[in-house]
Amino acid sequence: MKFAKLAFAAALATAALPGAAYAQDVAAGATVYGPEGNVVGTVTSVSGGVVVLDTGTHKAPLPANAFGKSDKGPTITVTKQQLDEMVSAQLAAAAQARDTALIAGAAVNSADGKPAGTVKSVEGDDIVLETTDGPVALKRDTFAVDANGALMARYTAEQLTAAAKGGAGAAAAADTGTAE
């Protein structure tokens, strides 16, 4: 659900500490504290202005300008509970949007933005995507709604083609995590 998490990061940017851009001192492994001095989580990575904070419940991508400095170390303006609630709400909204769009006959794009085919059937978490190369069986959680509201599979067009032709493209992607 990376799209939902990025939307969350944009929302949290509005809660950034005024004038406290501190990202240059926020590094992987750093413990981050909330406004009351309690631990919020641990930084797992910093890249391209996005700091990924692991709360133990979620890995939340936050804008680098959301961090300030306290006596204990890096700080943000929300508690662990507040951050977890915000991420959970974003993930629930993204799942609802996906489930609403995931119906038989719906057009699907690939993760690389190419037309992938149409949903042939939806039975619980089992989805069959009809591609020009044949059907591909996928799970519900391999679908998302993109920023434009279009249904997409979390696989590239090449991976979906390989899967339809009996290759291991989609299965290999799921095993390596590239489908996320």
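Placed above this text is the structure.
Here goes a summary of the coordinates provided. Just so you know, these numbers come straight off a predicted model, no measurement behind them.

### Things to note about the nonpolar core
- Membership of the largest hydrophobic core comes to 17 residues, with the highest contact counts inside it found for V43, L53, L62, F67, I76 and L83.
- Going through the elements one at a time, β2 (39-47), β3 (50-54), β4 (59-63) and α2 (80-101) are the ones with two or more residues in this core.
- Element by element, the count of residues in this core is highest for α2, at three residues.
- The next biggest cluster of nonpolar side chains, apart from the first, holds 15 residues, and it includes A106, V108, V136 and L160.

### Concerning the pairing of strand β10 (residues 134-139)
- Where strand β9 (residues 126-131) meets β10, six bridges bridge the pair, whose relative direction is antiparallel. Considered in β10, the bridge of L129 is made with V136.
- Where β9 folds back on β10, the antiparallel hairpin that results is connected by two residues.

### Quick look at the pairing of strand β8 (residues 115-123)
- Across three bridges, strand β7 (residues 107-109) lies against β8 in antiparallel orientation. Pairing of A107 across the sheet is with T118, part of β8.
- Connecting the antiparallel pair β7 and β8 is a turn made up of five residues, with G113 showing a positive phi of about 80°.
- Counted along the chain from β8 to the antiparallel partner β9, the turn is two residues long, and its residue G124 has a positive phi close to 65°.

### A look at the side chain of T142
- Looking at where T142 falls in the secondary structure, it is placed in the loop between β10 and β11 (143-145).
- Overall, the relative accessible area of 10% leaves T142 in the buried class.
- Of note is the side chain of T142, whose polar atom sits 2.6 Å from the backbone oxygen of K139.
- Apart from the residues within four sequence positions on either side, T142 is in contact with M152, A153, R154 and Y155.

### Some thoughts on the pattern of salt bridges
- Counted by the stated rule, this structure contains seven salt bridges.
- Residue D112 is joined to K114 by a salt bridge in which the shortest nitrogen-to-oxygen separation is 4.0 Å.
- Of the residues examined, D112 reaches a relative accessible area of 37% and is grouped as partly exposed.
- When the shortest N-O distance is used, the salt bridge between D126 and K139 registers 2.4 Å. With D126 in strand β9 and K139 in strand β10, this residue pair connects regions lying 13 residues apart in the sequence.
- Judged by relative accessible area, which is 40%, D126 ranks as partly exposed.

Rules used throughout
Residues numbered from 1 in each chain as written. Predicted model: local features only at pLDDT ≥ 70, side-chain atom pairs only at ≥ 80, totals over all residues. Heavy atoms only, no water. Core = buried A, V, L, I, M, F, W, Y, C linked by side-chain atoms within 4.5 Å. Buried < 20%, exposed > 50% of the residue type's maximum accessible area, 1.4 Å probe, protein only. Helix = DSSP H or I, 4+ residues; strand = E, 2+ residues; numbered from the N terminus. Pairing = 2+ DSSP bridges. Polar contact = N/O pair within 3.5 Å; in protein donor to acceptor, adjacent residues only side chain to side chain. Contact = heavy atoms within 4.5 Å. Salt bridge = Lys/Arg side-chain N within 4 Å of Asp/Glu carboxyl O.

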